[in-house]
Amino acid sequence: MKRIIVTREKKLASALMPYWVIPGSKQAFMQQFGLDGDLCEHDAFGQPIYRIDAAILDANGARIKNGEQIMLDLNDNIYSVFASTQSASLSNEVLLQGGQLVGGIETYYLKMTSKGGFRTVSYPWFE
């Protein structure tokens, strides 16, 4: 078993927008749901144009709010994790290799922040 502990940095950018932490391959997720590119488009007012339903994100990942910390236990066959906004703007993908052994569980501590917001929509990013 693997465990990830994700801390979302508290930021004004996207403060009210939940993100989803999604275990598994980002490429496979994009192919499964027909996503082209990492970021969604935005309208003339700078608002994101949604390209996925929140129910799909809930079924495939875990919500994380601004300033929140979550813990997820994953199967050993999960080798990466990424994050998404409700509009399906996607983060970088983090490979889960070489975590610390804590109580016999391979554990990863991940810090998430928000990027974008000026010329692009806001999106999550693992540091």
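Cut-offs applied
Residues numbered from 1 in each chain as written. Predicted model: local features only at pLDDT ≥ 70, side-chain atom pairs only at ≥ 80, totals over all residues. Heavy atoms only, no water. Helix = DSSP H or I, 4+ residues; strand = E, 2+ residues; numbered from the N terminus. Buried < 20%, exposed > 50% of the residue type's maximum accessible area, 1.4 Å probe, protein only. Areas by Shrake-Rupley, 256 points an atom, 1.4 Å probe, with all protein chains shown as cover. Lys, Arg positive; Asp, Glu negative; His and termini not counted. Charge placed at Lys NZ, Arg CZ, Asp CG, Glu CD. Pairing = 2+ DSSP bridges. Core = buried A, V, L, I, M, F, W, Y, C linked by side-chain atoms within 4.5 Å. Contact = heavy atoms within 4.5 Å. Phe/Tyr/Trp six-rings, centres within 6.5 Å; stacked < 30°, edge-to-face > 60°. Lys NZ or Arg CZ within 6 Å of the ring centre and 35° of its normal. Salt bridge = Lys/Arg side-chain N within 4 Å of Asp/Glu carboxyl O.

**With respect to the overall build of the chain**
The secondary structure content of the chain amounts to two helices and nine strands. Moving toward the C terminus, one meets the helices and strands of the chain in the order β-β-α-α-β-β-β-β-β-β-β. Here the chain, with 127 residues, has 43% of them falling under the buried criterion. Put simply, the chain shows about 7200 Å² of open surface, and 52% of that area lies on carbon and sulfur atoms. Charge-centre separation for the chain: the mean point of 12 positive side chains lies 7 Å from the mean point of 13 negative side chains.

**Some thoughts on the sheet that holds strand β5 (residues 80-85)**
On the basis of which strands lie adjacent, the open sheet formed by four strands has the order β3-β2-β5-β6 and antiparallel pairing. Here the strands that pair on one side only, and so sit at the sheet edges, are β3 (62-64) and β6 (94-95). Taken together, the three bridges between strand β2 (residues 19-23) and β3 define a ladder with antiparallel strand orientation. When the sheet's bridge partners are listed, Y19 is paired in β3 with I64.

**Some words on the nonpolar core**
One broad rule of soluble globular proteins: the nonpolar side chains tend to lie buried together. Counting 18 residues, the largest nonpolar core has I4, V6, V21 and M112 as its most contacted members. If you list the elements that add at least two residues to this core, you get β1 (2-8), β2, β3, β4 (69-74), β5 and β8 (105-115). V21 has contacts with I4, V6, G61, A62, I64, I70, L72, V81, F82, A83 and M112, leaving out every residue within four places of it along the chain. Within the second largest apolar cluster, 11 residues are counted, among which are I22, F29, F82 and A88.

**Looking at the packing of aromatic side chains**
Geometrically, a pair of aromatic rings is defined through the distance of the ring centres and the angle of the planes. By the definition in use, this model includes three aromatic pairs. Across from the ring centre of Y19, 3.8 Å away, lies the NZ or CZ of R8, which sits over that ring.

**Here we look at the pattern of salt bridges**
Summed over all chains, the structure comprises four salt bridges. Measuring nitrogen to oxygen at the nearest pair gives 3.1 Å for the salt bridge that ties D38 to K26. Of this pair, D38 sits in the loop between α1 (26-32) and α2 (54-60) while K26 sits in helix α1, and the two are 12 residues apart along the sequence. Of the residues examined, D38 reaches a relative accessible area of 35% and is grouped as partly exposed. Looking at K26, the relative accessible area reads 9%, which means it is buried.

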